[in-house]
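Coordinate inspection notes
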Amino acid sequence: MAGLILARYACGRVALGVAQVLGVLGIVFAVASVLPGDAAVVIAADDADPERIAQLRTSLGLDRPLLTQFGDWLSGLLCGDLGTSALSGRPVTDLLSSALAPTLTLAALALAALVPLAVGLGVAAAVRRGEPIDRAISGMAVALYAAPEFALAIILVAVFAVGLGLFAPTAVGASGSLLLQPELWVLPVAVLVIRPVCSLSRLVRASMITTLDSEHVRHTLRLGVPERRVVWRHALPGSLTPAIQHLARVADWLLGGVVVIEAVFAIGGLGQVLVDAIRSRDIPLLMGLVALFGLITVMVNTIADIMAYRLNPTAGEAA
């Protein structure tokens, strides 16, 4: 019965996510289409006479009604075809796949550092609540969370790249796999992690305190079970439900944050592709990026909701 409820809930979440993605795609397409200029104007550049621009619009299909253009693009999307870049003439899937590696590398490294740091700090603060370590962690979390990412980036670059020379300030001129060059990704990952680890650790702390004060945990301690085992085996799993749901929102934020940080540290990835697509009014490329971001958002949030359901024994009754 619980499995059936979970399956129905997951199907509902997926259907809602697909509808949201389609809505976002429609809005982005409409907004991009009414902006001044288009890909034909960008391509014409120095030879921007009206006749030349009209020919380019016809060859690119930009003279067709907007609903027809959007419908054709959606039809291709259903067949796995994201179209062709209006500016370069290359398939959008090729452009996205070549730029995806740096973005996924930064996001994966940030998540890999974020989860153990947030859980460890949150548990430490909860177990030692009211003590100096709790006050230190809480105070640092509040202070760092108040700092914007660009300010943190400037400080880290000034101290560790320019001052100490430990890392590269940007990735300009670099080549090869980003993962194999820690001097390029340590600072961007640190900037991405600092604020989320503050919010997530505070959430883990609050949830852990509630669980540790519960009667079943107190009873377990009275039975003589070691405190370390109670904390990590009994209290922590039940405290992770709100943290996992928040982590899904953090993952969405990280994806957008990676795009911004790529621009700050000059790391070629989806951030650079997005900037180029907007600058050149390359609608097929822009729509491909929106579809990719939307798909990732739906997947991350659906998986997080299912995991939260599995960790919460009353989720079936609530559903």
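For the structure itself, look to the data block above.
Residues numbered from 1 in each chain as written. Predicted model: local features only at pLDDT ≥ 70, side-chain atom pairs only at ≥ 80, totals over all residues. Heavy atoms only, no water.

In this structure, the largest pocket occupies an estimated 400 Å³ of space. Only α1 (2–34), α4 (66–78), α5 (92–127) and α12 (283–311) provide two or more residues apiece to the lining of the largest pocket. Tallying contributions element by element places α12 first for the lining of the largest pocket, with 7 residues. Here the lining of the largest pocket is composed, by residue class, of 16 nonpolar, 5 polar and no charged. In this structure, the second largest pocket encloses a volume near 330 Å³. Around the second largest pocket, the lining comprises 18 residues; the ones closest to its centre are L60, R64, W73, T84 and P284. (1 Å grid on protein atoms, 1.4 Å probe; cavity = no way out; pocket = protein on both sides within 12 Å on 5 of 7 lines; lining within 4 Å. Points joined across faces, edges and corners; volume = space filled by probe spheres on them. Helix = DSSP H or I, 4+ residues; strand = E, 2+ residues; numbered from the N terminus. Nonpolar A, V, L, I, M, F, W, Y, C, P; charged D, E, K, R; others polar.)

What follows is about the side chain of S207. Turning to its location among the elements, S207 is positioned in helix α8 (residues 182–212). Sequence-distant contacts of S207, that is, excluding residues within four places in its chain, are made with S239 and P242. (Contact = heavy atoms within 4.5 Å.)

Here we take up helix α6 (residues 132–145). The end-to-end C-alpha separation of α6 is 20 Å, in line with the 20 Å expected for 14 residues at 1.5 Å each. Where α6 is concerned, the buried positions are D134, I137, S138 and A141. Angular distribution of buried residues about the axis of α6 spans 95°; they occupy a single face of the element. In α6, the exposed residues that point more than 90 degrees away from the buried face are P132, R135 and M140. Buried residues in α6 make contact with α5 and α8. (Expected span 1.5 Å × (residues − 1). Buried < 20%, exposed > 50% of the residue type's maximum accessible area, 1.4 Å probe, protein only. Arc of directions from axis to C-beta.)

What follows covers helix α7 (residues 149–163). For α7, built from 15 residues, the straight-helix expectation of 21 Å at 1.5 Å per residue is met to within 8% by its first-to-last C-alpha distance of 20 Å. At V157, α7 shows its strongest bend, of approximately 30°. Among the residues of α7, those classed as buried are E149, L152, A153, L156, V157 and A161. The first or second residue beyond α7 is G165, which carries a positive phi of 65°. (Bend = angle between axes of the 7 residues up to and from the residue.)

Before going further, it helps to examine the packing of aromatic side chains. Scanning the entire structure with this criterion turns up 1 aromatic pair. Ring centres of F29 and F70 lie 5.2 Å apart, and the angle between their planes is 40°; on these two criteria the pair is classed as tilted. Of this pair, F29 sits in helix α1 while F70 is found in helix α4, placing the two residues 41 residues apart along the sequence. Overall, F29 belongs to the buried group, its relative accessible area being 6%. If you follow R195 out to its NZ or CZ, it ends over the ring of Y145, 4.4 Å from the centre. (Phe/Tyr/Trp six-rings, centres within 6.5 Å; stacked < 30°, edge-to-face > 60°. Lys NZ or Arg CZ within 6 Å of the ring centre and 35° of its normal.)

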